[in-house]
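Now for the letters of each chain:
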Amino acid sequence: MATHFKIDGLKAAIEGKEILKGINLEIKGGEVHAIMGPNGTGKSTLASALMGHPKYEVTEGEVELNGEALLEMGVDERARAGLFLAMQYPSEITGVTNSDFLRSAINARREEGKEISLIKFIRQMEGKMKELEMNPEFMHRYLNEGFSGGEKKRNEILQMMMLDPKIVVLDEIDSGLDIDALRIVANGVNAMRSEERGFLIITHYQRLLNYITPDFVHVMMQGRIVKSGGPELAERLENEGYDWVKEELGIVDETVGQV
Ligand code: ADP
Ligand code: MG
């Protein structure tokens, strides 16, 4: 089935404060959507609410992934349904190696008795790590522990490649990357582009979008998508900042949206 992801009127709050004020977004297989916006506008909140982070309370709206009601699922079920989130700040887990983590994540998505064989898993992981120019020793390191910012981001992309999700949400995957790492990460994403998969790329800077050309660009401000367009919109934001969008829309009350 062709991937279809639909966010409908999504509102979410953190500790009683409404952050997302009605997000509407539709992503079809094969499409890359970028969300850009100033700091503090709710971009990461959107990612976390989609993934089911307990701190973020969804107060209204619906999210559908291939006809299934995502918001009614637990975090594990969402992942099994094909949602993948690369977090802005990936967590470190001591005592669990990178390879153990990935293998159980893959097997959790499979039926019992159909687990991936160890040999096949290692071969795949080695291949992907090579593509991402990661040192093979990272296989046996504890998950993200002591990884540099850039290493964590590559590791998120490694997980994405291994898990083969239907909808990929990347939250500031470009932050903290030097230009070589940025290119490697972007190549990893581009290699995963396919008709079966949709992407939501959240970024503060246009830079990443020089390497991953989006089909649609959305501007998020104060918990809403206030403007949508094509790749040219990202370029204009890079050159002119966000002020012209605010002026155009008459946004003055900056209760959310300030650094
Ligand atoms: P962005 O990713 O666009 O920079 P966020 O979604 O991280 O924005 O944050 C949106 C707003 O929610 C900000 O005002 C931020 O301070 C607040 N916020 C985000 N996460 C938390 C949290 N865990 N606890 C309290 N407030 C939060
Ligand atoms: Mg953020």
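Along every chain, residues carry numbers that run from 1 in the direction the sequence is written. Note on labels: chains are lettered from A, ligands numbered from 1, in written order. Residues qualify for local features only when their pLDDT is at least 70, as the model is predicted, and side-chain atom pairs are given and counted only at 80 or more; totals for whole chains, interfaces and linings, by contrast, use all residues. Hydrogens and water molecules were not included; the side-chain quantities draw on all heavy atoms of the structure.

**A closer look at the overall build of the protein**
This is how it is decided: Here a helix means four or more residues in a row that DSSP labels H or I, a strand means two or more in a row labelled E, and each is numbered from the N terminus. Radius of gyration means the value over C-alpha atoms here, while the globule rule gives 2.2 Å times the residue count to the 0.38 power. The cut-offs for exposure are 20% and 50% of the maximum accessible area for each residue type, with area from a 1.4 Å probe on protein chains only; residues under the lower value are buried, those over the upper are exposed, and the others partly exposed. The contact rule is simple, with two residues in contact once any of their heavy atoms fall within 4.5 Å. Here, Shrake-Rupley sampling with a 1.4 Å probe gives the accessible areas, and only protein chains in the shown set may cover a residue. Positive charges come from Lys and Arg alone, negative charges from Asp and Glu alone, with His and the N- and C-terminal ends not counted. A single reference atom marks each charge: NZ on Lys, CZ on Arg, CG on Asp, CD on Glu.
Within the protein, the regular secondary structure consists of eight helices and 12 strands. Radius of gyration (C-alpha) of the protein: 18 Å, near the 18 Å computed for a compact globule of 259 residues. On the principal axes, the C-alpha backbone points of the protein span a range of 60 × 40 × 35 Å. Looking at the protein as a whole, 49% of its 259 residues qualify as buried. For the protein, restricting intrachain contacts to residue pairs at least 6 apart in sequence, the fraction spanning at least 24 positions comes to 69%. Total accessible area on the protein stands at roughly 12,400 Å², and carbon and sulfur atoms take up 46% of it. In the protein, which carries 30 positive and 43 negative side-chain charges, the distance between the mean positions of the two groups comes to 3 Å.

**Points about helix 7 (residues 231-240)**
What counts is decided by this rule: Read the arc as the range of directions from the helix axis to the C-beta atoms.
Restricting attention to buried positions, one finds in helix 7 the residues Leu233, Ala234 and Leu237. Seen along its axis, helix 7 keeps its buried residues to an arc of 100°; they face one direction. In helix 7, the exposed positions that point more than 90 degrees away from the buried face belong to Glu232 and Asn239. On its buried side, helix 7 packs onto strand 3 (32-36), strand 11 (216-221), strand 12 (224-229) and helix 8 (243-249). Downstream of helix 7 by a residue or two, Gly241 has a phi angle that is positive, lying close to 75°.

**A few points about the packing of aromatic side chains**
As a reminder of what qualifies: The criterion for an aromatic pair is that two Phe, Tyr or Trp rings (for Trp, the six-membered ring) have centres within 6.5 Å, with stacked assigned to planes under 30 degrees apart, edge-to-face to planes over 60 apart and tilted to the rest. As a reminder, the over-ring test applies to NZ of lysine and CZ of arginine, requiring each to be within 6 Å of the ring centre and within 35 degrees of the ring normal.
Inspection of every chain in the model, using the stated rule, returns one aromatic pair. With centroids separated by 4.8 Å and ring planes inclined at 80°, the aromatic side chains of Phe138 and Phe147 adopt a geometry described as edge-to-face. Its end group placed over the ring of Phe138, Arg141 keeps NZ or CZ at 4.7 Å from the ring centre. The positively charged end of Arg236 is found above the aromatic ring belonging to Trp244, 3.6 Å away from the centroid.

**Quick word on the coordination of the magnesium ion (ligand 2)**
Selection rule: Here the term donor refers to an N, O or S atom within 2.8 Å of the metal (or 3.2 Å for Na, K and Ca), and because water is left out of the atoms, sites may appear incomplete.
Ser44 (OG) and Gln88 (OE1) make up the full set of protein donors to the magnesium ion (ligand 2), lying at 2.1 to 2.3 Å. Pair noted here: Ser44 is in helix 1 (residues 43-51) and Gln88 is in the loop between strand 6 (83-86) and strand 7 (93-97), with a separation of 44 residues, a long-range link. Residue class for Ser44 comes out partly exposed when judged on its relative accessible area of 26%. Residue Gln88 is classed as buried on the basis of its relative accessible area of 17%.

**A few points about the pairing of strand 3**
Applicable threshold: Note on pairing: two strands pair once DSSP finds at least 2 bridges between them.
Of all five residues in strand 3, five are buried; the element is thus mostly enclosed. The sheet contact formed by strand 3 and strand 10 (residues 198-203) spans five bridges and is parallel. Opposite Val32, over in strand 10, you have Phe199 as the bridge partner. The pairing of strand 3 with strand 11 spans four bridges and is parallel.

**Description of the UniProt feature "domain: ABC transporter" (unreviewed entry) in the protein**
Cut-off, in case you're wondering: UniProt positions are given in the numbering used here, feature names are shortened, and annotations may be inferred rather than shown by experiment.
With numbering matched to this structure, UniProt assigns "domain: ABC transporter" (unreviewed entry) to residues 5-247. Summarising residues 5-247: 35% helix, 30% strand, and an end-to-end C-alpha distance of 31 Å.

**A few points about the sheet that holds strand 5 (residues 68-69)**
Strand pairing in a sheet relies on backbone hydrogen bonds. The paired strands run either parallel or antiparallel. As summarised here, the arrangement of the four strands in space is 2-1-4-5, forming an open sheet in which the pairing is antiparallel. The open sheet is flanked by strand 2 (17-28) and strand 5, the only strands paired with a single partner. Here strand 1 (residues 4-14) pairs with strand 4 (residues 56-65) via eight bridges, running antiparallel. Paired with Asp8 across the strands is Glu62, a residue of strand 4.

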